Amino acid sequence: MPHPNDPSLRSFIDVDPSSDFPIQNLPYGVFSTASNPTPRVGVAIGDYVLDLWELEQDFRLDVGPLGVFSGPSLNPFMALGPKVWTKTRARISELLRADHPELRDSEELRSRAFVPMRDARLHMPFTVSGYTDFYSSKEHATNVGVMFRGKDNALQPNWLHMPIAYNGRASTVVVSGTQVKRPRGQLKPPNVDVPSFAPCKRLDFELEMGVVIGQPSAMGGMLTEQQAEEMIFGFVLLNDWSARDIQQWEYVPLGPFLAKAFATSISPWVVTREALEPFRLNGPEQQPVPLDYLKQTRPQNYDVELDVSLRAAGANAPASISRTNFKYMYWSSVQQLMHHASSGCAMNVGDLLGSGTISGPEKNQRGSLLEISWNGTEPVELPGGARRAFLEDGDSLVMRGWCQGNGYRVGFGEVEGTILPAE
């Protein structure tokens with residue numbers, strides 16, 4: 001049977017070459033429709049959602065206990081482990097192949113199993129057990145360090161030795177399309193003596209990838225590179241909204257808290273690690289050489305093009321404000337996971353790891369407005385004469401990501417959020 005990543009594969013569903021969802025992708029999500037409002041698991045293929053619960057009920061998919069795909073979360077499926085993930089993806093690929101008649105020629109089953117994407121409501125794809133946000137782009141960390149500590153002290157002494165992170169809030173991870181209220185908090189600009197409590201004035205985005213953990217690890221243990229890799233189910237686009245002025249006042253001495261706790265948006269489709277396999281590459285050279293428990297023996301970065309567009313409040317069209325790539329990350333997702341577990345921290349099915357803001361070496365590759373506007377001193381020019389140093393009420397931000405193959409692309413769809421005024 002052809003491998004699901006074979007670039008020559010074609011589905012009997014027509015898929016435009018520019019679509020994010022060819023047969024080589026098959027990302028998982030949770031959806032419902034007006035006619036069937038019960039959320040269930042599906043796979044994106046072209047302009048359709050393939051209802052896996054319909055296939056499971058019809059005994060075309062056998063993943064173990066009946067009903068794995070009938071619920072509102074991918075967690076039960078992820079818990080079945082990598083061998084089941086691989087087998088299931090191969091079976092879905094087989095059913096969708098243009099040269100395979102089983103689903104193609106069953107008009108009755110097709111009418112039940114395929115839902116036009118326009119008719120689907122997309123939900124949170126998995127239940128987030130815990131959320132950890134890393135800080136693993138050397139370019140981003142350097143830019144921020146130069147702004148606040150100067151060029152000679154841009155990176156903190158520990159940054160080149162381990163992936164830096166903080167534990168965020170799983171409770172406010174939301175799916176694309178969820179509107180985000182401007183957060184309130186304590187503000188203390190440098191020119192005032194005492195703080196005030198008010199809506200954030202320096203609201204920002206952070207362009208990230210999210211790693212979805214599909215297998216648990218034991219408390220007290222550690223992870224090898226292979227074990228960490230096999231625990232990763234897939235990836236989503238992630239926007240870690242940030243209140244820069246709240247963070248500036250609160251983060252000493254323990255780091256981000258409320259400045260990052262009010263909302264984190266993710267894309268609704270989880271692109272599997274297996275689908276990204278053809279796009280692996282080596283990350284940047286790491287100097288000094290990491291300690292033994294963080295060493296990698298194979299490429300663990302991915303060639304994922306990323307784009308951020310901003311539609312200013314009242315504007316008719318968005319404008320691209322950043323274009324970068326996931327390949328620039330200094331610390332890989334596997335290294336982040338190995339480090340996370342290295343103290344004996346247990347990992348759970350449904351844990352979410354944010355990569356940290358993804359910035360590249362060029363000015364147009366900066367992954368936050370803090371960097372793009374250089375802390376507000378160089379506002380970005382938008383169509384129609386609008387200018388933005390930070391986000392204003394009514395602004396809408398869209399992130400997109402994709403891997404470009406030969407005649408096809410493996411994409412993530414988008415993650416969108418619109419800013420509402422504080423109450």
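Check the entry above for the structure.
Reading the values: the criteria
- For every chain, the first residue of the written sequence is number 1, and numbering continues from 1 onward in sequence order.
- Restriction of local features to residues with pLDDT of at least 70 applies here, the model being predicted, together with a cutoff of 80 or more for giving and counting side-chain atom pairs; totals for whole chains, interfaces and linings are based on all residues.
- Computation of side-chain values: all heavy atoms of the structure, hydrogens and water removed.
- In this description a helix means any DSSP run of H or I spanning at least four residues, a strand means any run of E spanning at least two, and both kinds are numbered starting from the N terminus.
- The globule rule is 2.2 Å times the number of residues to the power 0.38, and the radius of gyration it is compared with is taken over C-alpha atoms.
- Throughout this description, buried means an accessible area under 20% of the type-specific maximum (1.4 Å probe, protein chains only), exposed means over 50%, and partly exposed covers the range between.
- Contacts were defined at the residue level, with two residues in contact if any of their heavy atoms lie within 4.5 Å.
- Under the rule applied, a polar contact is a pair of N or O atoms within 3.5 Å (in protein, one hydrogen donor and one hydrogen acceptor; residues adjacent in sequence only if both atoms are side-chain atoms).
- Every definition here rests on a 1 Å grid over the protein atoms only: cavities are sets of points where a 1.4 Å probe fits but cannot get out, pockets are open sets enclosed by protein on both sides within 12 Å along at least five of seven lines, and lining residues have some atom within 4 Å of a point.
- Grid points are joined across faces, edges and corners, and a volume is the space filled by probe spheres set on the points.
- Gly counts as polar in this scheme, as do all residues outside two lists: the nonpolar Ala, Val, Leu, Ile, Met, Phe, Trp, Tyr, Cys and Pro, and the charged Asp, Glu, Lys and Arg.
- A pair of strands counts as paired when DSSP detects no fewer than two bridges linking them.
- For helices, the axis comes from a line fit to the C-alpha atoms of the stretch in contact; other axes are also lines fit to C-alpha atoms, and the angle between any two N-to-C directions lies between 0 and 180 degrees.
- As used in this record, nonpolar core signifies buried Ala, Val, Leu, Ile, Met, Phe, Trp, Tyr and Cys residues forming a set joined through side-chain atoms within 4.5 Å.
- Side-chain rings of Phe, Tyr and Trp, where Trp is taken by its six-membered ring, are said to pair if the distance between their centres is within 6.5 Å; with planes under 30 degrees apart they count as stacked, over 60 as edge-to-face, and otherwise as tilted.

A. The arrangement of the overall build of the protein in detail. In terms of regular secondary structure, the protein is built from 11 helices and 26 strands. Taking 2.2 N^0.38 as the reference for a compact globule, 423 residues should give roughly 22 Å; the C-alpha atoms of the protein span a radius of gyration of 22 Å, in line with that estimate. Taking the principal axes of its C-alpha atoms as reference, the protein extends roughly 70 × 55 × 35 Å. Taken over 423 residues, the protein has a buried fraction of 55%. Long-range contacts, defined here as pairs at least 24 residues apart, represent 71% of the contacts in the protein between residues at least 6 apart.

B. Looking closely at the side chain of Ser137. Looking at the secondary structure, you find Ser137 in the loop between β6 (131-134) and α6 (138-149). Of the residues examined, Ser137 reaches a relative accessible area of 1% and is grouped as buried. Of note is the side chain of Ser137, whose polar atom sits 3.1 Å from the backbone nitrogen of His140. If near-sequence neighbours (up to four positions away) are discounted, Ser137 is found in contact with Trp159, Met329, Thr357, Ile358 and Ser359.

C. Structural context of empty space enclosed by the protein. Scanning the model with the defined rule gives two cavities of 30 Å³ or more in all. Reported here for the largest cavity is a volume of approximately 60 Å³. At the level of secondary structure, the elements contributing two or more residues to the lining of the largest cavity comprise β19 (301-302) and α10 (333-341). Across the lining of the largest cavity, the residue classes tally to four nonpolar, six polar and no charged. For the second largest cavity, the calculated volume is near 30 Å³. Lining the second largest cavity, in full, are Glu229, Ile232, Phe235, Arg273, Gln300, Tyr302, Ser333 and Val334. Of all the elements in the fold, those that place two or more residues in the lining of the second largest cavity are β14 (232-240) and α10. Within the lining of the second largest cavity, the residues separate by chemical class into four nonpolar, two polar and two charged.

D. Layout of the sheet that holds strand β3 (residues 48-51). Taken together, five strands build an open sheet; the order of strands is β4-β3-β2-β1-β5 and the sheet is antiparallel. Each of the sheet's edge strands pairs with one partner strand only, and the pair in question is β4 (114-116) and β5 (121-123). Shown here is a sheet whose adjacent strand axes are inclined to one another by a mean of 45 degrees, direction ignored. When β3 meets β4, the two strands line up antiparallel, connected through three bridges. Among the inter-strand pairings, Leu50 is bridged to a residue of β4, identified as Phe114. Contacting β1 (28-32), β2 (40-45), β3 and β4, helix α3 (residues 82-96) runs over the sheet at an angle of about 65 degrees to β1.

E. A look at the nonpolar core. Counting 57 residues, the largest nonpolar core has Phe205, Phe235, Ile321, Phe326, Leu337 and Leu397 as its most contacted members. Ignoring sequence-local partners within four residues, the contact set of Leu397 consists of Phe205, Asn239, Trp241, Val308, Ser309, Leu310, Ile321, Leu391, Val415, Glu416 and Gly417. Within the second largest apolar cluster, 40 residues are counted, among which are Leu96, Leu103, Ala113 and Val128.

F. Looking closely at the layout of surface pockets. Considered as a void within the structure, the largest pocket measures approximately 930 Å³ in volume. In this structure, the largest pocket is lined by 34 residues; those nearest its centre are Tyr135, Gln247, Tyr251, Gly255 and Pro256. Counting only elements with at least two residues in the lining of the largest pocket, the list comes to β6, α6, β7 (165-167) and α8 (244-250). Broken down by element, the lining of the largest pocket gets its largest block of residues, five residues, from α6. A breakdown of the residues in the lining of the largest pocket according to their chemical character gives 17 nonpolar, nine polar and eight charged. There is about 210 Å³ of room inside the second largest pocket. Its residues placed into classes, the lining of the second largest pocket shows six nonpolar, eight polar and three charged.

G. How the structure looks around the sheet that holds strand β25 (residues 396-404). Judged by pairing direction, the sheet is mixed, and its five strands sit side by side in the order β9-β26-β25-β20-β21 without closing on themselves. Each edge of the sheet is formed by a strand with only one pairing partner; in this case those strands are β9 (180-181) and β21 (319-325).

H. Structural detail: the environment of Glu274. Structurally, Glu274 can be placed in the loop between β17 (271-272) and β18 (280-281). Every residue in contact with Glu274, bar those within four places of it in the chain, is listed here: Asn5, Trp85, Thr86 and Arg89. A polar contact of 2.6 Å, which involves the side chain of Glu274, links it to the side chain of Thr86.

I. Quick look at the packing of aromatic side chains. Applying the stated rule across the entire model yields 12 aromatic pairs. Aromatic pair Phe69 and Phe77: ring centres 5.1 Å apart, planes at 50 degrees, arrangement tilted. An aromatic cluster is present here, built from Tyr28, Phe69, Phe77, Trp85 and Phe233 joined pairwise through their rings.

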